[in-house]
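Descriptive analysis of the structure
Single-letter residue listing:
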Amino acid sequence: MNFTYTQTCRTPFGTLQDSGKVYTAETASVTDQALTAGAHVAEVIAVACAETGFQCLALMSDVPVVVGAFDAAFTDGPQTLVANQMVFLAGAAALASDITNLTFTCNNAGAGTLKIRLLYDPTP
Amino acid sequence: MFSAFTFTYTQTLQTPAGSLQDSGQVFTGDTCHAGRWVVNANGGGANAIVEAFPATGFQAAVLIADVPCVVTLTGATAINGVATADVTLAANVEQVVTALTGAVTAISVGANTTGAGPAGLVNLAVLYNS
C-alpha cells in the first residue's frame, strides 16, 4: 500500500510544489471518527500500530479537536488540529512508543468528522 | 501604504481509500523575498549566500531543491522546535519552516549529498513582518 504526501506553497513569486513523497507499507488503516457536538474528553478511538512498523499518520478534522495517543506515543505530545488543516506525522522520530489507542478531546458547537489515515507494517 | 503578502501552504495525502486535501494554512507578513541558488555536485563545496531574515516577526519559509542537500541557516538556533541550523532536503520534497529561533544572517547551500550526484538548484521563499 502507498500513501503519497504532497505539499504546495503559493507565494507572491509563484507556486512551489513538490513531487510528493511516497510511503509504502503492508497495512493502511482508515478511520472516519464522528465527532458529535458538545464536550468530549479523551474519548478513545481504536487505532493502533507498533512504533517499529510505523510509516506515517495523517489527521484532519472539519472542527477543532485535540488528538492524543492514549499511551503518550506521540513524540511531540497531543496534536492540536485546526479545522480543515492536516497534521502529518511520518518516520520513527514521530513516535516515542507503540500506539495502542488514539484519543480525542474537543468541545464544539457543531458535529464534525475526524479523518485518520495510518500506514504501517504490522510485522516489520 | 501597508501591503500584506501571503503564503498559502496546502497538504494532500493520496491513499488507497481516497485523497485528503486540506484547505490550506495562510501566513501573512509585510516582507517576502525569494532566491534560487546552485547546489554543487557531490564533492563540491558549499555555496555562501547573502541572505538574512529575522526570527522576530518570522512567519514562514519554504525550501525545495531538485537534488538532495543540506541548507544551513546561519544564526538560527532552532528550526521548527528542533535545535539545529540545518534544513535537510530530499530531492523535490518541500520543507516548510514555521518556527524559527535566532535571526538568520547568511545561508550556506551544501553540495549534493548523494554520491556522484549532479549539481542542482534550491529555491527559498521567506515571509516575515519587518
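Residues numbered from 1 in each chain as written. Chains lettered and ligands numbered in written order. Predicted model: local features only at pLDDT ≥ 70, side-chain atom pairs only at ≥ 80, totals over all residues. Heavy atoms only, no water.

Remarks on the overall build of chain A
Helix and strand content of chain A: 0 helices and 11 strands. The C-alpha atoms of chain A give 15 Å as radius of gyration, which agrees with the globular expectation for 124 residues (14 Å, within 12%). The principal-axis extents of the C-alpha atoms in chain A amount to approximately 45 × 40 × 25 Å. A separation threshold of at least 6 residues defines the contact pool for chain A, and within that pool the share at least 24 residues apart is 74%. When the accessible surface of chain A is split by element, carbon and sulfur atoms take 52% of a total near 5600 Å². Between the averaged position of the 4 positive side-chain charges in chain A and that of its 10 negative side-chain charges there is a distance of 14 Å. (Helix = DSSP H or I, 4+ residues; strand = E, 2+ residues; numbered from the N terminus. Rg over C-alpha atoms; globule rule 2.2 N^0.38 Å. Contact = heavy atoms within 4.5 Å. Areas by Shrake-Rupley, 256 points an atom, 1.4 Å probe, with all protein chains shown as cover. Lys, Arg positive; Asp, Glu negative; His and termini not counted. Charge placed at Lys NZ, Arg CZ, Asp CG, Glu CD.)

Overview of the layout of surface pockets
The computed volume of the largest pocket comes to approximately 1600 Å³. If you go around the largest pocket, you meet 41 residues; those closest to its centre are D76, F88 and L89 of chain A together with N80 and V96 of chain B. For the lining of the largest pocket, the secondary-structure elements that each account for two or more residues are β1 (2-11), β3 (21-24), β8 (79-81) and β9 (87-90) of chain A together with β1 (5-15), β9 (86-89) and β10 (95-97) of chain B. Residues that form the lining of the largest pocket fall into these classes: 23 nonpolar, 14 polar and 4 charged. (1 Å grid on protein atoms, 1.4 Å probe; cavity = no way out; pocket = protein on both sides within 12 Å on 5 of 7 lines; lining within 4 Å. Points joined across faces, edges and corners; volume = space filled by probe spheres on them. Nonpolar A, V, L, I, M, F, W, Y, C, P; charged D, E, K, R; others polar.)

Here's the deal with the confidence of the model for chain B
Residues at a pLDDT of 70 or more form 98% of chain B, whose mean pLDDT is 95. This prediction of the complex comes with two scores: 0.90 for pTM and 0.92 for ipTM. (pLDDT = per-residue confidence, 0-100.)

What to know about the interface of chain B and chain A
Counting residues at the interface gives 30 residues for chain B and 29 residues for chain A. Interface area for chain B against chain A, summed over the two sides, is near 2600 Å², with a carbon-plus-sulfur share of 62%. When the buried area of chain B at its contact with chain A is split by residue, L13, L20 and E94 of chain B rank highest and sum to 23% of it. Counting the contacts that link chain B with chain A gives 0 salt bridges. Applying the counting rule to chain B against chain A returns 14 residue pairs in polar contact (both at pLDDT 80 or more). (Buried area = accessible area lost by both parts, 1.4 Å probe. Salt bridge = Lys/Arg side-chain N within 4 Å of Asp/Glu carboxyl O. Polar contact = N/O pair within 3.5 Å; in protein donor to acceptor, adjacent residues only side chain to side chain.)

Describing the sheet that holds strand β5 (residues 38-45) of chain A
Residue and element names in this part refer to chain A. Spatial strand order, β5-β10-β7-β8: 4 strands in an open sheet with antiparallel pairing. The open sheet has two edge strands, β5 and β8, and neither has a second partner. Strand-to-strand twist in this sheet, taken as the mean axis angle between neighbours without regard to direction, amounts to 15°. As paired elements, strand β7 (residues 65-69) and strand β10 (residues 102-108) share 4 bridges and run antiparallel to each other. Bridged to V67 within β10 is F104. (Pairing = 2+ DSSP bridges. Axes fitted to C-alpha atoms, helices over the stretch in contact; angles between N-to-C directions.)

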